[in-house]
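# Structural description and commentary
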Amino acid sequence: GRQNEDHHEEFLPTGETSIDSYPNWLKFHIGINRYELYSRHNPAIEALLQDLVSQKITSVAMKSGGTQLKLIMTFQNYGQALFKPMKQTREQETPPDFFYFSDYERHNAEIAAFHLDRQVEWICFKRKGEILILDFRRVPPVAGRLVNMTREIRDVTRDKKLWRTFFISPANNICFYGECSYYCSTEHALCGKPDQIEGSLAAFLPDLSLAKRKTWRNPWRRSYHKRKKAEWEVDPDYCEEVKQTPPYDSGTRILDIMDMTIFDFLMGNMDRHHYETFEKFGNETFIIHLDNGRGFGKYSHDELSILVPLNQCCRIRKSTYLRLQLLAKEEYKLSLLMKESLLKDKIAPILYQPHLEAMDRRLRIVLKAVSDCIEKDGYDNVVENDFNTDVNTVTTER
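Summarised in this report is the structure supplied together with it. (Residues numbered from 1 in each chain as written. Predicted model: local features only at pLDDT ≥ 70, side-chain atom pairs only at ≥ 80, totals over all residues. Heavy atoms only, no water.)

### With respect to the nonpolar core
The biggest cluster of nonpolar side chains holds 96 residues, and the ones touching the most others in it are Leu71, Ile153, Phe176 and Trp220. Looking at which element gives the most residues to this core, the answer is helix H8 (residues 253-267), with 10 residues. Domain assignment of the residues forming this core places at least three in each of domain 1 (23-203) and domain 2 (213-384). Other than its neighbours up to four places away in sequence, phenylalanine 176 contacts Leu69, Leu71, Met149, Ile153, Leu162, Thr165, Phe166, Ala189, Leu190 and Ile197. (Core = buried A, V, L, I, M, F, W, Y, C linked by side-chain atoms within 4.5 Å. Buried < 20%, exposed > 50% of the residue type's maximum accessible area, 1.4 Å probe, protein only. Helix = DSSP H or I, 4+ residues; strand = E, 2+ residues; numbered from the N terminus. Domains from an automatic or database assignment. Contact = heavy atoms within 4.5 Å.)

### Some details on the state of the cysteines
This structure, assessed with the given rule, holds 4 disulfides. The residue that forms a disulfide with cysteine 175 is cysteine 191, at a sulfur-sulfur distance of 2.1 Å. Negative torsions about the S-S bond denote left-handed disulfides, and the value of about 110° found for cysteine 175 with cysteine 191 makes this one right-handed. A residue pair is termed long-range when its members are at least 10 positions apart, and cysteine 175 in strand E8 (residues 174-176) and cysteine 191 in strand E9 (residues 190-191) qualify at 16 residues. Overall, the relative accessible area of 0% leaves cysteine 175 in the buried class. Its relative accessible area of 40% is what places cysteine 191 among the partly exposed residues. Between the sulfur atoms of cysteine 239 and its disulfide mate cysteine 313 the distance is 2.0 Å. Disulfide cysteine 239 to cysteine 313: torsion about the S-S bond roughly 110°, handedness right-handed. In this pair, cysteine 239 sits in helix H7 (residues 238-242) while cysteine 313 sits in helix H9 (residues 308-313), placing the two residues 74 residues apart along the sequence. Note on accessibility: cysteine 239 and cysteine 313 belong to one class, buried. Numbered by position along the chain, the disulfide-linked cysteines of the protein connect as 1-4, 2-3, 5-6, 7-8. (Disulfide = S-S within 2.5 Å.)

Structural data, given as structure tokens:
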């Protein structure tokens, strides 16, 4: 029966187990489709967030590649998540002399990005018979967790390279630094107080052997060089070139890039060098908003160069535009909704108040950019109607 579902699988007359008895990570994987990572009302997502903070960690390994230390954690129910440890306090800002490519990856940025992307409040409102739902759902679920470095990392890892980097600091705290190309040294060690560490856990996507992903170079990627500029920084007509190149010459991909641009600008994330899609869905599918740890580095500065794709292309989905206009209203204020949403996380508060206020300020900048575009090119050339007029819903063109 239902109350025993944790202990006994439920067998259907066909001898197959019912979906009810699947672990939440598998329910999440099964729910991924061409248009989104999860549907608005998927109860498995809340349950999965709960699992990320409560499931017993049975093994830990370092993730290879990438510049900074990340750990792959496996849980008792065989789910897996990517752990990013805390590197900075909530109040710290990225130093002004740091290049974007040497910035720290922040665990709280990963958590905040998930909440921004889904905006859990699901605001619905009617306008001319349309119901507008304002959310992307393109970031895999992320939750904050306090981890015991001794019991939940050192004692359960079979990764000798990781294990070897544990030590006890002069203050008698447990520390480790792992192996990676940036910030993996005794000087940059992660230390507990005495052995607790905070981090973000991002649910894994389905294994690549089951769901291949395609990696695309972002046309507006930065030069990743101290002196060189990228082409888009010097050519104001760069977007015209992009729009003539597949996959940007048809379908919804350019609109997806605009969504991603706005998402990144609100967070101050300059590090979107590549993006991924699920190969199975071809070109008519959403962009997965992975790896958001370099967002929320500065609240006292708005990085306008992140918004260049929107300024150059002057295109936006109607659903996104209406959502942004709503979030600029006092009663649906972005910073307040975010604050409320983030309170649900175990390691709240997630963002320092000035970061929340910076998002309201940046939202006004985005809306000004869109209205400048409309003034220049006309509403119909800028705003793409992704609503199906005969049905009260967003079409699959999202």
